[in-house]
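For reference, the chains in residue letters:
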Amino acid sequence: MKKISILVAMLMLFASTAFAYVGNMSSRKFHYDNCRAASKIKAGNRTTFESRDEAISAGYKPCGICRP
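Because the structure is a prediction, the values reported are computed rather than measured.

Rules and cut-offs
Each chain has its residues counted from 1, following the order in which its sequence is written. The predicted origin of the model limits local features to residues at a pLDDT of at least 70 and limits the giving and counting of side-chain atom pairs to 80 or more, whereas totals for whole chains, interfaces and linings rest on all residues. Hydrogen atoms and water are omitted, and side-chain values are computed over all heavy atoms in the structure. Remark: nonpolar core denotes a set of buried residues (Ala, Val, Leu, Ile, Met, Phe, Trp, Tyr, Cys) joined through side-chain atoms within 4.5 Å. When accessible area is computed with a 1.4 Å probe and restricted to protein chains, residues below 20% of their type maximum are described as buried, those above 50% as exposed, and intermediate ones as partly exposed. Pairs of strands are assigned from DSSP output, requiring at least two bridges between the strands. Under the scheme used here, helices are H or I runs from DSSP no shorter than 4 residues and strands are E runs no shorter than 2 residues, and both carry numbers assigned from the N terminus.

What is the right way to look at the nonpolar core in this model?
Within soluble globular proteins, side chains that are nonpolar generally end up buried alongside one another. Val22, Cys35, Ala37, Ala38, Ile41, Cys63 and Cys66 form the largest nonpolar core, which has seven residues in total. Core analysis: the second largest hydrophobic core is formed by five residues, Tyr21, Phe30, Ala55 and Tyr60 among them.

Right under this line is the structure:
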C-alpha cells in the first residue's frame, strides 16, 4: 500500500509541474509540449504556458505542425 501512495504522490507532483504548451521566444510560436518542433527549441529560447489563451495573450501564434 505504501508503494501505491508514493506513486500517486509522484504522479500528482508531475501533473502540477507539467506545462501544456511550449513557446519559442525567437519565432513567437507555441506548440504542444510533445510536438517535434518543440523538441528543437534551444533552451535559451524556450518558455512555457499553462493554457492556449495564455500563449495567445502573450503574442504567440500556434504551430503549423501540431496546431495547438
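Looking at this model, I keep getting lost on the pairing of strand E2 (residues 29–32). Mind explaining?
Regular strands place side chains that alternate from one sheet face to the opposite one. Here strand E1 (residues 21–24) runs beside E2; their pairing, made up of four bridges, is antiparallel. By the bridge assignment, Asn24 is partnered in E2 with Lys29. Taking the residues between adjacent antiparallel strands as the criterion, E1 and E2 are bridged by four residues, where Arg28 takes a positive phi near 60°. Across two bridges, E2 lies against strand E4 (residues 61–62) in parallel orientation. The residue bridging Phe30 from the neighbouring strand is Pro62, located in E4.

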